[in-house]
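Reading the structure
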Amino acid sequence: MKSNQIKPSEITDESVYLKRREFLQLTGAASLGATLTGLPDRATAEIKNLNTIASKYSTSQTPNSWKDITTYNNFYEFGLGKDDPERYASSLITDPWKVTISGECDKPGDYLLEDILAPHQLEDRIYRLRCVEAWSMVVPWVGFSLADLLKRFKPNSKAKYVAFKTLHDPMQMPGQRRRVLRWPYREGLTMSEAMHPLTILAVGLYGKTLPNQNGAPLRLVVPWKYGFKSIKSIIEISFSKKQPRTSWEMSAPREYGFYANVNPEVDHPRWSQARERAIGKGLFTAKQPTLMFNGYSDEVASLYSGLDLRRNY
Ligand SMILES: Nc1nc2c(c(=O)[nH]1)N[C@H]1C(S)=C(S)[C@@H](COP(=O)(O)O)O[C@H]1N2
Ligand SMILES: [Mo]
């Protein structure tokens, strides 16, 4: 290139200029919004299509509608109401997203979400979600095996548990200004639960990226446990020697244990766990019986042989 030629990087044609101006106006508007409300303006990422294959682990039950799954949520970082996450989770910024891998492994470090996902084939995994509050839904997740991810970081022989943390940022998650739970939201699994082929990290549902209210951009799904184990918007995964403390256990240890396996025979201290209300079937439909391990006894009962499931709830 001759020295008197204009470098491509110096050319500002009109369309680029207008786009840039639009961009400046948008960001200007966004920061003004932020100063007025103390919150980032609607930062929610757009919902994109994902490349998936079917999974042999899916249930054949009919999934709930997109509407049910994305408007009836538990995500206390955005409020306690079932419709709060859908209304308020747009303030969560999910791109860029960093996940810290720490603890007993050979390859700890900070990884961008893209690098976390890169080698994994995404699968459609239809699972039933059984909430501890005695309702259930069938969700067509898009996810990949947690075991496949964990193996990449080479956990060492001291790694007996895996702990997870959600983002802690009251600016983006206004529900964290109230101490309804110990923040950040924390969960944990034994190593054998984490390595089980049914355990996945989800990045989408119905073949599309996760809406924020469902735990974008990365959430855990453990289908034989109560829904609260399936921690949303994960920023840290760490391998530990000791059983990690979980947010629900810390706030109400008599009601929520570390295991939280779906168990119709062990009642919650304030209600029965024998039956569940299927969301989307209408309020007058009879409750259906809850199944041991949410129907996955054949696959997971052996993980707990010798363990008293009444004491280890
Ligand atoms: N970070 C975080 N994760 C969370 C929760 C929460 O409040 N915060 N709620 C849990 C509970 S109680 C349930 S039932 C499921 C609900 O998942 P869904 O809204 O995608 O159906 O998310 C779980 N994961
Ligand atoms: Mo739940």
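For every chain, the first residue of its written sequence is number 1, and the numbers climb from 1 along that sequence. Each chain takes a letter, starting from A, and each ligand takes a number, starting from 1, following the order in which they are written. With pLDDT at 70 or above as the cut-off, local features in this predicted model cover only qualifying residues; side-chain atom pairs require 80 or more to be listed or tallied, and sums for whole chains, interfaces and linings still use all residues. Working from all heavy atoms in the structure, the side-chain values ignore hydrogens and water.

A closer look at the site of ligand 1
Going by this rule: Neighbouring residues are identified by heavy atoms, a residue being near a molecule or strand if any of them is within 4 Å of it. Whenever two N or O atoms come within 3.5 Å, that pair is a polar contact, provided that in protein one can donate a hydrogen and the other can accept it, and provided that, for residues adjacent in sequence, both atoms are side-chain atoms. Methods summary: accessible areas were calculated by the Shrake-Rupley approach with a probe of 1.4 Å, and residue burial reflects only the protein chains presented. Charged means Asp, Glu, Lys or Arg here, nonpolar means Ala, Val, Leu, Ile, Met, Phe, Trp, Tyr, Cys or Pro, and polar covers whatever is left, Gly included.
Of all residues adjacent to ligand 1, which total 16 residues, the nearest are Asn73, Tyr76, Glu77, Ser230 and Lys232. Between ligand 1 and Asn214, the relevant distance is 3.1 Å, taken from an oxygen atom to a side-chain nitrogen or oxygen of the residue. At 2.9 Å, a side-chain N or O of Arg219 approaches an oxygen atom of ligand 1. Expressed as a share of its isolated accessible area of 540 Å², the protein-covered part of ligand 1 is 99%. Looking at the shell around ligand 1 residue by residue, the classes come out as 7 nonpolar, 6 polar and 3 charged.

A short note on the packing of aromatic side chains
Heads up, the condition is: Pairing of aromatic rings covers Phe, Tyr and Trp, the last counted by its six-membered ring, and requires centre-to-centre distances within 6.5 Å; plane angles under 30 degrees mean stacked, over 60 mean edge-to-face, and any other angle means tilted. Numbering of helices and strands starts at the N terminus; helices are DSSP runs of H or I of at least 4 residues and strands are runs of E of at least 2. Each residue's exposure class comes from its accessible area (1.4 Å probe, protein chains only) as a fraction of the maximum for that residue type: buried when under 20%, exposed when over 50%, partly exposed otherwise.
Under the definition given, this model contains 13 aromatic pairs. Ring plane angle 80 degrees and centroid distance 6.1 Å describe the contact between Tyr127 and Tyr296, whose orientation is recorded as edge-to-face. Here the residue Tyr127 occupies a position in strand β4 (residues 122-130), and Tyr296 occupies one in the loop between β13 (288-289) and α8 (297-300), the gap between them amounting to 169 residues. The two residues Tyr127 and Tyr296 agree in class, both being buried.

A word on empty space enclosed by the protein
The cut-off we apply is this: Cavity means a closed set of points on a 1 Å grid over the protein atoms alone, one where a 1.4 Å probe fits but cannot get out, pocket means an open set with protein on both sides within 12 Å along at least 5 of 7 lines, and lining means a residue has an atom within 4 Å of a point. Grid points are joined across faces, edges and corners, and a volume is the space filled by probe spheres set on the points.
In the structure shown here, the tally under the stated rule is 1 cavity of 30 Å³ or more. What the largest cavity holds in volume is close to 50 Å³. Lining of the largest cavity is provided by Tyr127, Arg128, Leu129, Trp141, Val221, Val222, Pro223, Lys225, Tyr226, Gly227 and Ser230. Broken down by element, the residue count for the lining of the largest cavity peaks at 3 residues, all from β4. A breakdown of the residues in the lining of the largest cavity according to their chemical character gives 7 nonpolar, 2 polar and 2 charged.

Scope: geometric values only; no functional claims are made or implied.
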